[in-house]
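Residues per chain are reported as follows:
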Amino acid sequence: MDEWPPQSHRQLFGDLRQERVPEDRERMEVVSDQPLIDAERILRDFTRRAFRRSVSYEEIKPFLDRVDAKIVEGYSFEQSVRVGLKSVMVSPDFLFLREQTNGTSPTRTLDDFAIATRLSYFLWSSMPDEELLRLAEQRKLNSPDMLRQQVERMLRDPRSSALTENFVGQWLALRSIDDTMPDQMLYPEFDDLLKESMVKEVTLFFDEVLRNDLSLTNFVSCDFTILNSRLAKHYGIPGVEGIDFRKVSIPPESHRGGVLTMAAVMKVTANGTTTSPILRGAWVLDRILGTPPPKPTSDVEAIEPDIRGATTIRDQLAKHREVAACASCHVKIDPPGFALENFDVIGGWRENYRSIGKGVPAIVDGQQMRYRNGPVVDATDVLPDGRRFQGIDDYKQLLLADKDQLAHSLASKLVEYATGAAPTTIDQSEIDEIVRNVRDSDYGLRSLVHEVVQSNLFLQK
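Throughout, a residue's number is its position along its own chain's written sequence, starting from 1. The predicted nature of this model means local features are confined to residues of pLDDT at least 70 and side-chain atom pairs, given and counted, to a pLDDT of 80 or more, with totals for whole chains, interfaces and linings taken over all residues. Hydrogens and waters are ignored; side-chain quantities use all the structure's heavy atoms.

A short note on unusual backbone geometry
We count it as follows: Burial classes follow relative accessibility: with a 1.4 Å probe on protein chains only, a residue under 20% of its type's maximum area counts as buried, one over 50% as exposed, and anything between as partly exposed. Helix and strand labels come from DSSP, where a helix needs a run of H or I of at least four residues and a strand needs a run of E of at least two; each type is numbered from the N terminus.
Phi is positive for Ser-125, close to 55 degrees, though the residue is something other than glycine. Exposure remark for Ser-125: the relative accessible area of 32% places this residue in the partly exposed category. A positive phi angle, close to 55 degrees, is found at Asp-442, a residue other than glycine. Within the element layout of this structure, Asp-442 appears in the loop between helix H18 (428-438) and helix H19 (445-454).

If you want it as structure tokens, here you go:
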């Protein structure tokens, strides 16, 4: 039998007794011998949590007056209190984060309650717990040592899974995983289990890097990932049985390792039929390097890939780059996109494009597919600085040559997620300081989270 009253009910009404409602003998309601005294206590406790700070009697009095008015009108104690609680939840102090600064600080440093709130929504996507509120009331939260202790406590808490789910979903655009459906004629192997496994790999991988303070360079290249049998089959990695996920060493010849080559990322950077070096290149520049390309001008026509395989995307882009207005941007966008061309719409490795109608019949496990093998994939290109690469493995090494840029990009993404504001040009020195502070930890991800919280960008308004 479920516990009654539930924990949520006791958090609101405490140990006040309950009685059956005369009009409905199946229903119980909280009653009080001192309705206004008990209502004030309930509202004070609730408003403190809802407003995420200490509250005065003057602040709760309007809500208490509403409770009193309902009691006078003949409503029961619980019904009247519920009206007061609802009023709190439509108050601007609950609906909006009204961050207050320390009045004695000339640098607009946040007060302890505002820091507690930023910490909680950053790491838990929820309001501060009792420990954070207590420390804020004691004005003990705004110190480097206490902040470090609290970040560690909060990251160990199961509620920190919200950081992984929500930050990764935004950073890598995984929330778009259902925006397209792969063409069943071209990609008959795609199914819901594969899609769910794709997303799970990314979040579990992020958790592994965060929990063990592994280098953020693992997001570009590493020798392990988190797989189940369904995804391992998709990747062509043997020896993984069962639907449970586990840490798996990646064979060097698999071309996997890091989020760049994960199937979920490949799917959200493609449509259901074709891949585009433009879309994937722009994604890499923005999400991994932190250098998003400018939006194309309105007079530039979009490229429509030839799904029948008569021409390759490389041929089409070559003509596109002959336009002077396009060349300056595409010389930066196209190379990372071409580096990923060996990965198809659902993140499978390919040597040839798949096409409908034209090409050599495709045979998989002795069975002829409805699609055909089209032109050979060419994943080579040259960076704007003249460095050449032969495919994704070479390109990853070129990215790793500038670890500071990778750290700078991810630090900026974390600051934006943690504060709700993207760093501006004048904030770049603060981001540089964060990056300098994580070099000694080999750019550890957990260390990066700590440095973000310790930064002025997080602690000041």
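A closer look at the environment of Ile-333
Basically, it comes down to this: Working rule for contacts: check all heavy atoms of both residues, and any pair within 4.5 Å makes them a contact.
Structurally, Ile-333 is set in helix H15 (residues 324-339). C-alpha of Ile-333 to C-alpha of Leu-414: the two residues are 81 residues apart in sequence and 24 Å apart in space. Leaving out residues up to four positions away in the same chain, Ile-333 has contacts with Pro-277, Ile-278, Gly-281, Ala-282, Leu-285 and Pro-293.

Section: the sheet that holds strand E6 (residues 360-364)
Inclusion rule: When DSSP locates at least two bridges between a pair of strands, those strands are taken to pair. All axes are obtained by fitting lines to C-alpha atoms, using only the stretch in contact for helices, and the reported angles, taken between N-to-C directions, cover 0 to 180 degrees.
Here we have three strands laid out as an open sheet, ordered E5-E7-E6, and antiparallel in their pairing. Single-partner strands in this sheet number two, and they are strand E5 (352-355) and E6. Direction aside, neighbouring strands of the sheet carry axes that sit 55 degrees apart on average. Bridge count for E6 against strand E7 (residues 367-376) is four bridges, and the pairing is antiparallel. Within E7, the residue paired with Ile-363 across the bridge is Gln-368.

Some remarks on the nonpolar core
Basically, it comes down to this: Only buried residues count toward a nonpolar core, which is a set of Ala, Val, Leu, Ile, Met, Phe, Trp, Tyr and Cys residues joined through side-chain atoms within 4.5 Å.
Core analysis: the largest hydrophobic core is formed by 101 residues, its most contacted members being Phe-122, Leu-123 and Phe-219. Core analysis: the next-biggest nonpolar cluster, separate from the first, contains 18 residues, Phe-13, Leu-16, Ala-39 and Phe-63 among them.

A short note on the packing of aromatic side chains
For clarity, the threshold we go by: Aromatic contacts are taken between Phe, Tyr and Trp rings whose centres are within 6.5 Å, Trp giving its six-membered ring; a plane angle under 30 degrees counts as stacked, one over 60 as edge-to-face, and the others as tilted.
Across all of its chains, the model carries twelve aromatic pairs by this definition. Arranged with centres 5.6 Å apart and planes meeting at 20 degrees, the rings of Phe-167 and Trp-171 form a pair that is stacked. Here Trp-171 and Phe-167 lie together in helix H9 (residues 161-171), a separation of four residues that amounts to about one turn. Taken individually, Phe-167 and Trp-171 each receive the classification buried, so the pair is uniform in this respect.

Section: the environment of Ala-173
Assignment of secondary structure puts Ala-173 in the loop between H9 and helix H10 (192-211). Leaving out residues up to four positions away in the same chain, Ala-173 has contacts with Val-168, Val-268, Trp-283 and Arg-287.

Comments concerning the pairing of E7
With three bridges joining them, E5 and E7 adopt antiparallel strand pairing. Residue Arg-354 lies in a different strand from E7, and its bridge partner there is Asn-373. Linkage of E6 to E7, two consecutive antiparallel strands, is achieved through a turn of two residues, within which Asp-365 is found at a positive phi near 50 degrees.

Remarks on the packing of H9 against H10
How we decide: Crossing handedness: left-handed means the near helix sits turned counterclockwise from the far one by under a right angle, and right-handed means the same turn made clockwise. Three classes are used: nonpolar for Ala, Val, Leu, Ile, Met, Phe, Trp, Tyr, Cys and Pro, charged for Asp, Glu, Lys and Arg, and polar for all others, with Gly counted as polar.
With their axes 10 Å apart at the nearest point, H9 and H10 run at an angle of 115 degrees to one another. Crossing geometry of H9 relative to H10 is assigned as right-handed. Residues Leu-163, Thr-164, Phe-167, Val-168 and Trp-171 of H9 touch H10, and the partners they reach there are Val-202, Thr-203, Phe-206, Asp-207 and Leu-210. The residue makeup of the contact of H9 with H10, split by class, is seven nonpolar, two polar and one charged.

Details of the pattern of salt bridges
Should the charged atoms of two oppositely charged side chains come close, the side chains can pair. Put simply, the rule is: The rule for a salt bridge is simple: a side-chain nitrogen of Lys or Arg has to be within 4 Å of a carboxyl oxygen of Asp or Glu.
Inspection of the entire model under this criterion finds 32 salt bridges. The salt bridge involving Arg-17 is made with Glu-19; its shortest N-O contact spans 3.2 Å. Since its relative accessible area comes to 38%, Glu-19 is described here as partly exposed. A salt bridge links Glu-40 to Arg-44, with the nearest nitrogen and oxygen atoms 3.2 Å apart. Within this pair, Glu-40 and its partner Arg-44 are both found in helix H2 (residues 35-51), separated by four residues, close to a single helical turn. Look at the salt bridges and you will find they share partners, linking Asp-129, Glu-131, Arg-153, Asp-157 and Arg-159 into a network.

So yeah, pure geometry; function would need other evidence.
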